[in-house]
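Listed here are the chains, written in short residue letters.
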Amino acid sequence: QVQLVESGGGLVQPGGSLRLSCAASGSAFSPVAMDWYRQAPGKQRELVATVTSGGYTNYVDSVKGRFTISRDNAKNTMYLQMNSLKPDDTAVYYCHLDCRVLPAFKRLEVWGQGTLVTVSS
């Protein structure tokens, strides 16, 4: 009913920047929170950044000061601006939407398909 499509991943050198986008489409929904997760090979998926419907943001310690999460409600899109990238940032990045779907206002969690970010020389 709601789909998320990520884009913007790719190969970047250490110290470089990248902006990920996540576009939502489908059924009408009311967002509760929007998040970016990442998962490196052999490691658990971790929450990287979140922004609530009220605009509050939070970040995992390892990306504080380097990553910025934002949203454009008019475009049903959220972003993750990643600066000063490090090799340890290499992972598949997933957007995640916590929302309520109209008209029944049913709670729903939606995951994107993931986009690969590789930070390497």
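Above this text sits the structure in question.
Residues numbered from 1 in each chain as written. Predicted model: local features only at pLDDT ≥ 70, side-chain atom pairs only at ≥ 80, totals over all residues. Heavy atoms only, no water.

Trainee: Sorry, what's going on with the overall build of the protein here?
Mentor: Across its full length, the protein carries zero helices and 11 strands. Put simply, the protein runs from its N terminus to its C terminus through helices and strands in the order β-β-β-β-β-β-β-β-β-β-β. For 121 residues, the compact-globule estimate of 2.2 N^0.38 gives 14 Å, and the protein sits close to it at 14 Å. Judged by the C-alpha coordinates and their principal axes, the protein covers about 50 × 25 × 25 Å. When each of the 121 residues of the protein is scored for burial, the buried share is 40%. Of the contacts made within the protein by residues no fewer than 6 positions apart, 56% connect residues no fewer than 24 positions apart. Put simply, the protein shows about 6500 Å² of open surface, and 49% of that area lies on carbon and sulfur atoms. Averaging the positions of the 12 positive and the 9 negative side-chain charges in the protein gives two centres separated by 2 Å. (Helix = DSSP H or I, 4+ residues; strand = E, 2+ residues; numbered from the N terminus. Rg over C-alpha atoms; globule rule 2.2 N^0.38 Å. Buried < 20%, exposed > 50% of the residue type's maximum accessible area, 1.4 Å probe, protein only. Contact = heavy atoms within 4.5 Å. Areas by Shrake-Rupley, 256 points an atom, 1.4 Å probe, with all protein chains shown as cover. Lys, Arg positive; Asp, Glu negative; His and termini not counted. Charge placed at Lys NZ, Arg CZ, Asp CG, Glu CD.)

Trainee: What is the right way to look at the sheet that holds strand β3 (residues 18–26) in this model?
Mentor: The strands that make up a sheet pair up through hydrogen bonds in the backbone, lying either parallel or antiparallel. Strand order in the open sheet formed by four strands is β1-β3-β8-β7, with antiparallel pairing between adjacent strands. The open sheet has two edge strands with one neighbour each: β1 (2–7) and β7 (67–72). The sheet shows a mean angle of 15° between the axes of neighbouring strands, direction not considered. Direction of pairing for β1 relative to β3: antiparallel, over a ladder of six bridges. Each bridged residue has a counterpart across the sheet, and for Val 2 the counterpart in β3 is Gly 26. (Pairing = 2+ DSSP bridges. Axes fitted to C-alpha atoms, helices over the stretch in contact; angles between N-to-C directions.)

Trainee: Any chance you could explain the side chain of His 96 here in plain terms?
Mentor: Residue position: His 96 is located in strand β9 (residues 91–101). A relative accessible area of 4% places His 96 in the buried class. Within polar-contact distance, the side chain of His 96 engages the side chain of Asp 35 at 2.8 Å. A distance of 2.9 Å separates polar atoms of two side chains, one belonging to His 96 and the other to Glu 109. (Polar contact = N/O pair within 3.5 Å; in protein donor to acceptor, adjacent residues only side chain to side chain.)

Trainee: Looking at this model, I keep getting lost on the nonpolar core. Mind explaining?
Mentor: A general tendency of soluble globular proteins is for nonpolar side chains to be buried together. Formed by 31 residues in total, the largest nonpolar core has its most connected members in Leu 20, Trp 36, Phe 67, Leu 80, Met 82, Tyr 93 and Leu 97. Counting only elements with at least two residues in this core, the list comes to β1, β3, β4 (29–39), β5 (46–52), β7, β8 (77–82), β9 and β11 (115–119). Residue contributions to this core peak at six residues, all from β9. Excluding its chain neighbours within four sequence positions, the residues that come into contact with Leu 20 are Ser 7, Gly 8, Gly 9, Trp 36, Met 78, Tyr 79, Leu 80, Met 82, Tyr 93, Thr 115 and Val 117. (Core = buried A, V, L, I, M, F, W, Y, C linked by side-chain atoms within 4.5 Å.)

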